[in-house]
Amino acid sequence: MIDKDDKTVLIVDDEQMVAESYELYLGDDYETIVEYSGGAALMELDENDIDLVLVDRRMPGMSGDVVIDHIEQWKMDIQVIMVTAVDPDIDIIDMPCDGYLTKPVSETEMLDAVERAFLIDYYEKLISEYNRLSEKYEILTAEFSSRELAKKDRFADLERQIEEMEQDIADTVEGFSDSKISDAFRRLH
Amino acid sequence: MNSQMWRSTNRTELIGPELLLQYSYTFIIMNNKGRILFIGPEPQGSVIESLVTRTVVIKETTAEGVSYLTNDRNNVDCVVVVHDPPKRDCMSFLETVSSEPPVIVAPDGGSSKLATRALGAGATSYVDPAAVETESNAVVDEINRCLSGETDATHESHRNITRGKREMMAHPDGTDERIEKVASMISHELRNPIQKANSGIDLARTECESAYLDEVAETLDRMDQLIDSLLDQLKHDVITPEMEPVDLAAVVDDSWYDRTSAKLVVESPLPMISAEETRLRQLLENLFRNAVEHAGETVTIRVGVIEPTERSHADDSIGLYVADDGPGIKPAQREVVFEYGYTGSEDGTGFGLGIVTEIIEAFGWDIIVTESHNGGARFEIRGIKTA
């Protein structure tokens, strides 16, 4: 499962007090870095390994929209949560972000959103790996008889790996506190 | 209903002057004569000119712009004013031409006190450079929209914002771009300070314990709820529900918030009904919140189907009750509790049950409030069609 201590969250908000409060909310569980402008955030992204960006949408100078567009263009494997005082509109469909929080944001809401974003990221990586292993399993079972495969330890390892991943996927889906998301995942499986 | 809308709109007005918005451009739309008057730096005006098909007259200062407009008003379609006081002061400009046709304000996303004042002075629209990639293109888009007449329909509603929200709905589809913009402004300019204040409280709590901090936090929470209600009213003036089969049990479950020690008891199986899910959830959330606000955080709320009467059998509808074990509502107040602005609680906003009533009416249902078996309030909703 996810090791929170290994995760680094970049907090970007031009209001220093707001950014510091986010740091307070997340500091116990994650490594945090705080920046107060979009430009400084991009430099931070360039220089450090960031796992998740929590970015204010409206900031003087470079807005949060521009920051996340850069993350998208640079094809960075980073979870992005937009935090804004503006209610979400239909344009969020095209917004390259994994979460959207409307201010004011409580500690619980922020922790939930960050945890959910990491969980989704973890789930996606699991599925990708699972599909990769399943593909190999299909190829091998088409090529060899079950009797032949039973003699191969590496194949037994593969089967065990797939079984463990299925359990991990199921556990991850259960980990989504939001019932709608977990329901959606259950429907997929 | 109109009188209720008046009340809610008046609340908006009370908040409006306190909004802090900043803008960089002001547009004034004139009759379709051909020229655009740009009051701002020459290079900026030249960029605009290169992007539009009309003649752009560039004036460096507000005084020059006003003078040009005074002498050659009939040849100007649209005025763009860059706000860069004292050389270019859009407020001064607006005050001078305040009796003219529609004005559009463009905030730049930073400090925005001026934009609110400009809106009050008759501005029509605005450009927010913080929210656009290319400022000049955004200005040109706005000019084109103005010249195509898109904003004409909303102008009068803008001018008459004090007349009530229903009168502001200028478009046939019931939406009003300006209402959206005002809602966005309110949202941004009020929620940001609340976030900042909440952040300050949480940071202060790491240094000291104080009951005052708790009180301030509660007050901010109330303000946040009030803003939510206000925005909801601004954005959803006329409810036109799209009724479809909805799982009532699931919506009741979704609507319940477990941030308090309040308890929800569903006393009977809840059927599939015909409703609009989003609005139904809003209705139930308001009823549940109302119960917690009036009966306290240890309230027990009971929900169940009202046994069909002969009449309801005949029209194939059911009833639903939401009852609590709080102090109840006195008979004399059972009518007025549904009006906007009425609140029987220090924590109440006066919006919750008003919104409930609007949704109930839009759904074609009825609601009454009576007394629960243990003296609390019992809301009975009738006329619900099963699906």
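Residues numbered from 1 in each chain as written. Chains lettered and ligands numbered in written order. Predicted model: local features only at pLDDT ≥ 70, side-chain atom pairs only at ≥ 80, totals over all residues. Heavy atoms only, no water.

Draft legend 1. Inspection of the interface of chain A and chain B at higher detail. Every contact between the two is made by 21 residues of chain A and, on the other side, 22 residues of chain B. Where chain A meets chain B, there are one salt bridge. Taking the shortest distance from any N to any O, the salt bridge between Glu15 of chain A and Lys196 of chain B comes out at 3.1 Å. Joining chain A to chain B, the criterion identifies five residue pairs in polar contact (both at pLDDT 80 or more). At the level of elements, α1 (16–26) and α7 (179–188) of chain A are the ones that each hand at least two residues to the side of chain A that touches chain B. Of the residues in the side of chain A that touches chain B, the class split is ten nonpolar, four polar and seven charged. (Contact = heavy atoms within 4.5 Å. Salt bridge = Lys/Arg side-chain N within 4 Å of Asp/Glu carboxyl O. Polar contact = N/O pair within 3.5 Å; in protein donor to acceptor, adjacent residues only side chain to side chain. Helix = DSSP H or I, 4+ residues; strand = E, 2+ residues; numbered from the N terminus. Nonpolar A, V, L, I, M, F, W, Y, C, P; charged D, E, K, R; others polar.)

Draft legend 2. Spatial organisation of the packing of aromatic side chains. Evaluation of the coordinates by the stated rule reveals six aromatic pairs over all chains. With a centroid separation of 6.4 Å and an interplanar angle of 40 degrees, the aromatic rings of Tyr22 of chain A and Tyr25 of chain A are classed as tilted. Note that Tyr22 of chain A and Tyr25 of chain A are positioned in helix α1 at a spacing of three residues, about one turn of the helix. With relative accessibility at 2%, the residue Tyr25 of chain A sits in the buried group. With a centroid separation of 6.0 Å and 80 degrees between ring planes, the pair formed by Phe338 of chain B and Phe379 of chain B is classed as edge-to-face. Taken together, the residues span a long stretch of sequence, with Phe338 of chain B in the loop between β10 (317–324) and α14 (352–363) and Phe379 of chain B in strand β12 (residues 377–385) at a distance of 41 residues. What makes Phe338 of chain B buried here is its relative accessible area of 10%. Over the ring of Phe144 of chain A we find Lys152 of chain A, and its NZ or CZ is 5.6 Å from the ring centre. Against the face of Tyr321 of chain B rests Arg378 of chain B, its NZ or CZ located 4.3 Å from the ring centre. (Phe/Tyr/Trp six-rings, centres within 6.5 Å; stacked < 30°, edge-to-face > 60°. Buried < 20%, exposed > 50% of the residue type's maximum accessible area, 1.4 Å probe, protein only. Lys NZ or Arg CZ within 6 Å of the ring centre and 35° of its normal.)

Draft legend 3. Main features of a negative patch on the surface. Negative charge collects at one region of the surface, where Glu159, Glu163, Glu164 and Glu166 of chain A lie side by side. Looking at where Glu159 of chain A falls in the secondary structure, it is placed in helix α6 (residues 153–174). (Patch = residues over 30% accessible without salt bridge, like charges linked within 9 Å, V, L, I, M, F, W, Y side chains within 5 Å. Areas by Shrake-Rupley, 256 points an atom, 1.4 Å probe, with all protein chains shown as cover. Lys, Arg positive; Asp, Glu negative; His and termini not counted. Charge placed at Lys NZ, Arg CZ, Asp CG, Glu CD.)

Draft legend 4. How the structure looks around the packing of helix α2 (residues 42–51) of chain B against helix α6 (residues 135–147) of chain B. Residues and elements named next belong to chain B. At a minimum axis distance of 10 Å, the contact between α2 and α6 shows a crossing angle of 55 degrees. The orientation of α2 with respect to α6, classified from their angle, is oblique. For the element pair α2 and α6, the recorded crossing hand is right-handed. Counted together, Gln44, Val47, Ile48 and Leu51 of α2 and Glu135, Ser136, Asn137, Val139, Val140 and Ile143 of α6 form the full contact between these two elements. (Axes fitted to C-alpha atoms, helices over the stretch in contact; angles between N-to-C directions. Parallel < 35°, antiparallel > 145°, perpendicular 65-115°, else oblique. Left-handed = near helix turned anticlockwise from the far one by under 90°.)

Draft legend 5. Just the nonpolar core, in detail. Leu280, Leu283, Leu284, Phe288, Ile301, Trp365 and Phe379 of chain B are the most contacted members of the largest nonpolar core, which totals 55 residues. With residues up to four places along the chain from it excluded, the contact list for Leu284 of chain B reads Leu248, Val251, Val252, Ser255, Leu320 and Val322 of chain B. (Core = buried A, V, L, I, M, F, W, Y, C linked by side-chain atoms within 4.5 Å.)

Draft legend 6. Main features of the pattern of salt bridges. Under the criterion given, the structure shown has 16 salt bridges over all chains. For Glu267 of chain B, the salt bridge identified is with Arg302 of chain B, shortest N-O distance 3.1 Å. Of this pair, Glu267 of chain B sits in the loop between β7 (263–266) and β8 (272–275) while Arg302 of chain B sits in strand β9 (residues 300–306), placing them 35 residues apart in sequence. Connected through shared salt-bridge partners, Asp13, Asp56 and Lys103 of chain A make up one network.

Draft legend 7. Structural context of the confidence of the model for chain B. Residue and element names in this part refer to chain B. Overall, the predicted model of chain B reaches an average pLDDT of 73, with 66% of residues at or above 70. Note that pLDDT drops below 50 for residues 1–32; the model gives that stretch 145 contacts with residues more than four away or on any other chain. Confidence drops under a pLDDT of 50 for residues 150–174, and excluding neighbours within four residues, the segment shows 63 contacts in the predicted structure. Reported for the predicted complex are a pTM of 0.53 and an ipTM of 0.78. (pLDDT = per-residue confidence, 0-100.)

Draft legend 8. Layout of the pairing of strand β3 (residues 56–59) of chain B. By the bridge criterion, four bridges tie strand β2 (residues 35–39) of chain B to β3 of chain B in an arrangement that is parallel. Note on β3 of chain B: the bridge partner recorded for Phe38 of chain B is Ile58 of chain B. (Pairing = 2+ DSSP bridges.)

Draft legend 9. Focus on a nonpolar patch on the surface. Residues and elements named next belong to chain A. A cluster of nonpolar residues, Ile90, Ile92 and Ile93, forms a patch on the protein surface that exposes about 310 Å² of accessible area. The topology assignment puts Ile90 in the loop between β4 (79–84) and β5 (99–102). A relative accessible area of 63% means that Ile90 is categorised as exposed.

Draft legend 10. Broad picture of the packing of helix α12 (residues 277–295) of chain B against α14 of chain B. All names here are of chain B. Taken N-terminus to C-terminus, the directions of α12 and α14 make an angle of 145 degrees; their axes are 9 Å apart at the nearest point. Relative to α14, the crossing made by α12 is left-handed. Residues Arg279, Leu280, Gln282, Leu283, Asn286, Leu287 and Asn290 of α12 pack against Gly352, Leu353, Ile355, Val356, Ile359, Ile360 and Phe363 of α14. Looking at the contact of α12 with α14, its residues break down into nine nonpolar, four polar and one charged.

Draft legend 11. Looking closely at the sheet that holds strand β11 (residues 366–371) of chain B. All names here are of chain B. On the basis of which strands lie adjacent, the open sheet formed by five strands has the order β7-β9-β10-β12-β11 and mixed pairing. In the strand order of this sheet, the two ends are held by β7 and β11, each with one partner. Across the sheet, the mean angle from the axis of one strand to that of its neighbour is 20 degrees, orientation sign disregarded. Bridge analysis of β10 against β12 gives seven bridges, and the strand direction is antiparallel. Among the inter-strand pairings, Leu320 is bridged to a residue of β12, identified as Ile381.

Draft legend 12. Structural context of helix α2 (residues 38–47) of chain A. Residue and element names in this part refer to chain A. If you check which residues of α2 are buried, you get Gly38, Ala41, Leu42, Glu44 and Leu45. What you see down the axis of α2 is that its buried residues fit within an arc of 160 degrees, all on one side. Among the exposed residues of α2, those oriented more than 90 degrees off its buried face are Met43, Asp46 and Glu47. Looking at the buried residues of α2, the elements they touch are β1 (8–12), β2 (31–35), β3 (52–56) and α3 (64–73). (Arc of directions from axis to C-beta.)

Draft legend 13. Local environment of α12 of chain B. Residue and element names in this part refer to chain B. Taking 1.5 Å of rise per residue, 19 residues should cover 27 Å, and α12 covers 27 Å from first to last C-alpha, within 8% of that figure. Listed in full, the buried residues belonging to α12 are Arg279, Leu280, Arg281, Gln282, Leu283, Leu284, Asn286, Leu287, Phe288, Asn290, Ala291 and Val292. Looking one or two residues past α12, Gly296 carries a phi angle of roughly 95 degrees, positive in sign. (Expected span 1.5 Å × (residues − 1).)

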